[in-house]
Structure formats: structure tokens, C-alpha cells
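One-letter residues, chain by chain:
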Amino acid sequence: MQAGFPKIYDPKGIEERLYKAWAQEGLFTPKPDEEKEKFVIVIPPPNVTGKLTLGHVLDNELQDILVRFASLQGNEALWVPGEDHAGIATQVVVERKLAREGKSKEDLGREGFIKEVWRWAEEHRDIIRHQHERLGFAADWSRERFTLDEGLSRAVRKAFVHLYDKGLIYRGLRIVNWCPRCHTAISNEETSYEERQGSLWYIRYPLEDGSGHVTVATTRPETMLGDTAVAVHPSDERYRHLVGKRVILPLMNREIPVIADEQVQPDFGTGAVKVTPSHDAADYEIGKRHDLAKVRVINEAGVMTEEAGAYAGKDRYAARKEIVRDLQSQGLLEKTEPYRLSVAVCERCETVIEPLLSEQWFLQMKPLAEPAIQAVQDGVIRFYPERWKNLYFHWMRNIQDWCISRQLWWGHRIPIYTCPKCGHVFASVDEPSVCPRCAASDLTQDPDVLDTWFSSWLWPFSVMGWPDETEDLKRYYPTATLVSGWDIIYLWVARMIMAGLEFTAKPPFDAVFFHVMIRDERGRKMSKSLGNSPDPFELIDRYGADALRFGLMLITPREQDVCYSEERIKVGRNFVNKLWNSARLLDSLRNGEEAEIPADPTPTERWMLARLAKAADEAATLIKKHDLYNAAKYLYNFYWHSFCDWGLEFAKIAKKSGRSVSCALYCFRSSLAMLHPYMPFITEELWERFSLADHRLFSDRWPEVPSEFSQSPPSVDAMTDLITAVRTMRAELGVGKDTPVPVAVVTSDDEVLSAFEENMLYLKGLARIESVARVQEKPHPSTGSVFGWGAVYLPLAELVSSGRLNLEAERARISKELAKLEGEVKKINSRLTDDGFLSNAPDEIVSGERERLETFTAKIARLRELKEGLT
Ligand SMILES: [Zn+2]
Ligand SMILES: [Zn+2]
């Protein structure tokens, strides 16, 4: 054993040292090479709100694998990293931090607050950068960007002015989702829904002519103060006679009409509904159709306005209580029913959303969506898996105008200016000092900022320097693959496609790789509020980055969301250890040989080379299809079960008779290259330790085994069959693995037989086979296995006569085991025919029972066969 090859792999020091070295060498900054194809990925910039979660690790690991693989494929590979300022999300966390210190953002003022958020953002950018380094990500940090940096801010203004001058940006009065705590409009995608227990209040609205009343049902009685009509469905017989009459709005004593509108659902409540155009999106539409007045009774802080009469100045929920009480005392509350409803809340602060009529900036989306639909339809941009196209098309064909203004302080200030003198309103990329119309100064800028996605949607080209025609933009744009969770297909992916086509006339990427979401062990989405995401960096401390990376790949197939399990990370760790231990073994066998294909490969070496060729081919094909999960499984099985279990074992035995291990070294070297994208640290460490090249693995090439070695010799396949069968039969009969056994073979294939004879060295070494005899038929008593090339038997008479096997005792043991298994099968069968069990037990228990039944039945068949052979 070479001195200095530690017995145990300790990732800590190694990972840190290697990443430092990579960074110092500028390994991930591509060297322009006209010969090479380019492969570029831009990172989905993580929010600077906090630390990375397991979901981020997965998202970024997939990109890292693709970038490293592309480099090994001979591409000029570039991965551009960066972070997102994340408008509302960051503003809310900093506000919370201030609140803990007893301060508010108003105490600091706009400028002071923004300074505070910058401090926070810089601090978290450092944390995120460090976390990426710990994971080994091959990002080019010399190109790192931030969505609020100088260049990107200019890109945002440029894009805004372009769209404004094109007439696509307009100011409009609409019902928006208003968060009274964050004090801003938010998009539908920034709200989430919570099931809550509420009430349905039935309120009587007296008819103005004194002939009775109409009862309406509502879950939000405080909005009634802003009612401007009562509506019923036009074909609702119950109310037809009331349409056109007027009712008196209780508490406000205002006359409002009864109208008929198709949108009313006759089966909700009483079938008559109150209409509040200022506080409900659907009512707003009804109001537009019937030209109803808009009365705003709740303000931006969730407080009742002057229009709310006696309730003005009260919080919306306090007002609700008083309104219900007052209705009751006036005899206008018919009844109250418990009612479960789904309530929209602000995703960031969980405050209940107030739909408000509000003046905001909107971007007209339809004209932008058309070419973006076309690009995906024509396959100019491909989706993996393809089924996500449906969601994309659905959203794009029903696209709504985008509310792009936010009443926040943290973000890109809207570049709209108003002249105090002539009233001219205009957009400008650079801050204007005078009005272009009347040359007046003291222009005022719109106080609002842009939705955070207004910078994210420019990301693939703004990071390259757009709007300037930079070298990077020319060289690295459009990018290759975008990796994203499917949950932001609207918020981000679709919008980037639209922006790319609008501003650069090019699709921003060739392909989108949608990955699954990781859920917790109970299937719930991982979230900060549930506290159910394990800290990935604690996992790295415990298992190492490579183990975490490989383990994660083993839980994430492409198609459905997956549940996290630490067991898989342990599988990753075991694989890292296997890699280390096998390298250590190989190190002890080598004697200054080169890693190369020998001039005269033996059959076992040819067999190994054929396996390697297949693995290199198969894994590359899978990775190109973005099936990183099956590629990981394939590589795992190849390395462990082909290379370690056979190739290395053959080499070890051959070494004893003086054969060089150069072929094993060649396969090992190739394996390191193939595993490198998944496990960059340990592979690089071994690459260095074995001095396999004077360049980094990142700059190496994916293995290409010469095609003359693509066929595996059938005789070696037969040898592995034989060895495996003998090992199994020994275990079944309780014959110790050090006890030599004779083997009888029935075969008509002379080549196979002579291969056995010529390779007794391996048969002895790997299964303690003392002799192989050709027989005409199955010996008695015996146990055996049948293969395509023939059959293998352990002739038992010889084992018995030489005292290596006690037939009686073996038969008794098998009978006992059979009885036990048959008992189990009976129990499972009765469970699986019991309707009570089937309907009550969870699915995974039932399917677990079915699996056990299958395993046991197969075992029973094998034991019966064995028992028969013993008589
Ligand atoms: Zn909020
Ligand atoms: Zn002017």
C-alpha cells in the first residue's frame, strides 16, 4: 500500500482545498475557443431572503451536472451565477428584522431603509455564494450578477421605456390583490390560499316600495357598505319580478337597484347576491356591464374609509363585528351559517388579501405571448418533460395583463416622470433634468417600484450585458438549457421567453428542463414556515457534499414529485466510500503502470472494456435527454456491480500471476470522468492522487472506448453466470465460502467449456471452484441453475461423502424454512382477501404486502426445487 492513502475518506478538508484551487485557477471561466461548441446556463437567481434550501440544492446541482458534462463533452461551458433582489420577499424579511429591533421602515425613511436592505442583501449574497462553493458548483464567479446591480437596472429601464413607447404599458384602475400589511398590490401568483372556517351571513335588504325584502348571503359583510346593486340570475324564477326594483342598503340607507346578470350563481346562498364593484373582481365586471357606481369603503391599510359612514376609521374586522351586531339589532340578519372558505393570503406575510380598486401600471401581454406560444409550438424551444407544454399553452392562451407596479421601496423605481408645469408624463432610461416639452425642471418620478419579475424576465440576456452589444452577449447568448421547477412556469419561464423574443429577437434558451419538487417524508411541500426542510449544509457537514449530491440524484426521477429521505443520502455516502475503498485497492495493486488499454487484452479485460463502453454510451444518452436520475443509477450500478464486483476482482487475481493492472486503471480513470459531474470532489481528489493527467477533470473528455472493444466475450459472461450461481447455491445449502466445491456443467458449447478450463484461476479465486467437469445430464442428488449456454450443478454426492455437506440436516432445515414461509403466505393471503383490511389500510401497506407475497412465493418455489434435488 502506498504511503499516504488514508483508509477513510474525509471530505471536509479535501472539498474546501479543491474548490479554492479551482477558483484560483479560474477553471470555470471559459477560454474562448472557436473550435468548440458553446454550452451556457444562467442560474435561476436565488432570492437574497435567506439561506439555500434542499430545493435550491437540487435545482443547482442539476445545472452543475449539465455544465460539467458539457465540458467533458468538449464544449466551451459557462455557468453564470447571480442572485435576485426579490422585491417584496426581501422587503418583508428586513421589515420583520427591524420590527424585532423595535423599528419600522418609516423610522428609517425611504433612503435609510433601502440602505438597510442593501446591507442585508450583500450579507446574504455572501452566504449564498459560500453555499454554492461548498456544493462544488462550477459557476463562473467572475461573471456573477445581481438583479439590482447597475447594469441590470439599466436593462430594466431600457425594457420599460421600449414597452412604454410601444404603447404596451398603461396606467389603469383595476381590482388588484392588495396586501394591507405589505401595503402593495401583488400578483395572483404571489397569493396563496388557506382553508378557513368562516361564516355565511344572510342579510335582508328591504324593498324600497315596502313590499318585503331580498335576502343576500355574504362571507364579508363589511363590504356591504360599498354595495351599489343586488344581482340575480336572469332565468331565476324566484326573483324575476324583482329585477328593476330598488332596495334600501341597510345601515347606509342608500337606494340601490336589483339587476339581472348571467354571472350570478343561482345555487350560492339565496341566489341573490350583493354587488360591490370596488372590492371584488367579479363584482367589478358586473359593475362595468351595468354601469354601477364604485364606492370604496376599505382603504390600503385595511381600514374603513369615509365612505363607510359610521364605521369610518375602524379596522376591517372590527367593522365586520359591529356591522353584524347592528344588523342583528335592526332585525335585518336572517341567519348565520358556519361556512368553510378558501381565503387568499399574501404569500410573504400571510395577511388576508383585500381585493381593492386601485390605480396601477399594467403591461399588455397578448402581443408578447403570440410569438412565445409559436416558439414552443414549433420546437424552437423544447420542454423536458414535454408534458409541461400543456400548462404553458394554457396559461399563455389565457394570459392577462401584468400588473407591474408595486407600492414598495425595495426594487427598480418606475422610470416614469411627470412635468409639474405642462403635465407631460413620459418614460426615460436616464434620469431627465428637464421636461422635453417645456424644459421645466423639478420633474417628479413615480414613487412605485416594479414587480421583481420585471428584472428576472430579462435575466438570460441582461447578465450578458444587454442592452449593449457586448462580447458576452454575442458569444454566449442565446443560452442552452434553462433548469427550473415547474412551479414558476408562468412567473418566470414563460415571461423570459416573451422577453427574449421581444428584446433580442431570439429565444433565450434552446431547452427548458423542468425538475420535480422535493417534498418531506409525509409528502408536504418543503417550506420555511413548516420548518420541514433539512438544512443541506448540516447534511454536508455530516456526509460530505458528494454524498448529498449523489443521494439527491437517486431520489429525483423526472416525472413525479418526490419525498425526501435521509436514507438516500446515506446511500450516496456509501457509494462515496465504495469509490474510495476501491481506489485504495487499485492503488495497492498498481506499480507505476499507465492507465491504458493493453496491446493484448485478455478476455476478462475485453469484457470489462465492453461494459465500460456501454456505460459511457448509455449514461451520455440519458444525460443528453436530461434524465439525470437514470444516468446516476446506471453509473452507480456500473461502477459498483461491473467494475468493482468483477473488473477489479479479475484484475486482482491476474495481478498475482504478473499481469499489469493498466486496463483496470483505464476503466477507473474513465469512471472518474463519468462520475465527476455528480461527485466533483472525490473524483478530482482521486484524479490527483493517481496523477492521471496534468489537467483538471473538468477539462478532461468523456470516455470513448474504441469500437473494437464494444462486444463482450460470451465466454466471460458465462463465467460470471457460473460464479454467481455457485455462490448462490453455496449460500442456499450452507456450504461455507472457503470450502472448495466441484462443479458439473451441461453444455454443448465447447468454447464456453474451454473458457472455464483456461480461466480456472478466476473460478478458484472468486468462488472456490476446485474443478469443472462436463456431464451429459443433471447429476443426482444435486442443485443447479440453467442459463442460455447450458446448466451448472453442484453434485452433492461428492460433498456428502467428503463430509462437506450433511444431506439429512439440510433437508430438515429446508423443510422447516418451507413450512415457515408457507405459513406467512397463508397469513398474507387472508389479509389480501379481507375487504376490511383492503379498504382501511394505507395504499403503501397493501402494496407492501403484495410485494412480500411475491417474494415469498418465489422463495418457496426455489426451496421446493432445492429439496427435490436433495432426494
Ligand atoms: Zn403581505
Ligand atoms: Zn413640461
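Caption draft 1: Representation of the overall build of the protein within the structure. Broken down by element type, the protein carries 27 helices and 29 strands. Relative to its length of 871 residues, the protein is extended, with a C-alpha radius of gyration of 36 Å against a globular reference of 29 Å. When the backbone C-alpha atoms are referred to their principal axes, the protein occupies close to 115 × 70 × 50 Å. Burial statistics for the protein: of 871 residues in total, 55% are counted as buried. For the protein, restricting intrachain contacts to residue pairs at least 6 apart in sequence, the fraction spanning at least 24 positions comes to 78%. As displayed, the protein has an accessible area near 38,200 Å², and 48% of this comes from carbon and sulfur atoms. A distance of 3 Å separates the average location of the 112 positive side-chain charges in the protein from that of its 130 negative side-chain charges.

Caption draft 2: Representation of the coordination of the zinc ion (ligand 1). Here the zinc ion (ligand 1) is held by C179 (SG), C182 (SG), C346 (SG) and C349 (SG), and the distances to it run 2.2 to 2.4 Å. Here the zinc ion (ligand 1) binds four donor atoms, and the angle range of 101 to 117° at the metal identifies the geometry as tetrahedral. The sequence pattern describing where the donors of the zinc ion (ligand 1) fall on their chain is C-x2-C-x163-C-x2-C. You can see C179 sitting in strand β5 (residues 169-179) and its partner C346 sitting in strand β13 (residues 333-346), a full 167 residues away along the chain. Per residue, the accessibility class of C179 equals that of C346, and both read buried.

Caption draft 3: Quick look at the domain arrangement of the protein. For the protein, the assigned domains read domain 1 (39-167 + 368-396 + 452-515), domain 2 (191-351), domain 3 (539-712), domain 4 (713-796) and domain 5 (806-871). Between domain 1 and domain 2, the C-alpha centre-to-centre distance is 42 Å.

Caption draft 4: Broad picture of the environment of W466. Here W466 lies in the loop between α11 (459-462) and α12 (471-476). Separated by 311 residues in sequence, W466 and A155 place their C-alpha atoms 6.4 Å apart. What W466 contacts, discounting residues up to four positions off in sequence, is A155, K158, A159, F461, L473, F503 and T504.

Caption draft 5: Focus on the coordination of the zinc ion (ligand 2). C419 (SG), C422 (SG), C435 (SG) and C438 (SG) make up the full set of protein donors to the zinc ion (ligand 2), lying at 2.3 to 2.4 Å. With four donor atoms in place around the zinc ion (ligand 2) and angles of 100 to 114° between them, the coordination shape is tetrahedral. All donors of the zinc ion (ligand 2) come from a single chain, and their spacing in sequence reads C-x2-C-x12-C-x2-C. The buried category is assigned to C419, whose relative accessible area is 2%.

Caption draft 6: Up close: helix α8 (residues 366-377). With twelve residues, α8 ought to run about 16 Å at 1.5 Å a step, and its terminal C-alpha atoms sit 16 Å apart, in line with that. Within α8 the residues assigned to the buried category are L368, A369, A372, I373, A375 and V376. For α8, the angular spread of buried residues about the axis comes to 160°, placing them on one side. Taken together, the buried residues of α8 touch α5 (150-165), β14 (354-363), β15 (382-384), α9 (388-397) and α13 (489-504). Looking one or two residues beyond α8, the residue adopting positive phi is G379, at roughly 75°.

Caption draft 7: Looking closely at the nonpolar core. In this structure, L363, F454, W457, M498 and Y678 are the most contacted members of the largest nonpolar core, which totals 217 residues. Setting aside anything within four residues of it in sequence, one finds M498 in contact with M365, L368, A369, A372, W395, M396, I399 and W457. In terms of nonpolar packing, the next biggest core, distinct from the first, is built from 30 residues, V230, V297, I323 and L327 among them.

Caption draft 8: Region of interest: the packing of α8 against α13. Orientation of α8 relative to α13, taken along the N-to-C sense of each, is 105°, at an axis distance of 9 Å. For the element pair α8 / α13, the angle class is roughly perpendicular. In this structure, α8 contributes L368, A369, P371, A372, A375 and V376 to the contact, and α13 contributes I497, M498, L501 and E502. Residue composition of the contact of α8 with α13, grouped by class: nine nonpolar, no polar and one charged.

Definitions and cut-offs
- Residues numbered from 1 in each chain as written.
- Chains lettered and ligands numbered in written order.
- Predicted model: local features only at pLDDT ≥ 70, side-chain atom pairs only at ≥ 80, totals over all residues.
- Heavy atoms only, no water.
- Helix = DSSP H or I, 4+ residues; strand = E, 2+ residues; numbered from the N terminus.
- Rg over C-alpha atoms; globule rule 2.2 N^0.38 Å.
- Buried < 20%, exposed > 50% of the residue type's maximum accessible area, 1.4 Å probe, protein only.
- Contact = heavy atoms within 4.5 Å.
- Areas by Shrake-Rupley, 256 points an atom, 1.4 Å probe, with all protein chains shown as cover.
- Lys, Arg positive; Asp, Glu negative; His and termini not counted.
- Charge placed at Lys NZ, Arg CZ, Asp CG, Glu CD.
- Donors = N, O, S within 2.8 Å, 3.2 Å for Na, K, Ca; no water.
- Tetrahedral: all angles 85-135°; square planar, octahedral: opposite > 155°, others 65-115°.
- Domains from an automatic or database assignment.
- Expected span 1.5 Å × (residues − 1).
- Arc of directions from axis to C-beta.
- Core = buried A, V, L, I, M, F, W, Y, C linked by side-chain atoms within 4.5 Å.
- Axes fitted to C-alpha atoms, helices over the stretch in contact; angles between N-to-C directions.
- Parallel < 35°, antiparallel > 145°, perpendicular 65-115°, else oblique.
- Nonpolar A, V, L, I, M, F, W, Y, C, P; charged D, E, K, R; others polar.

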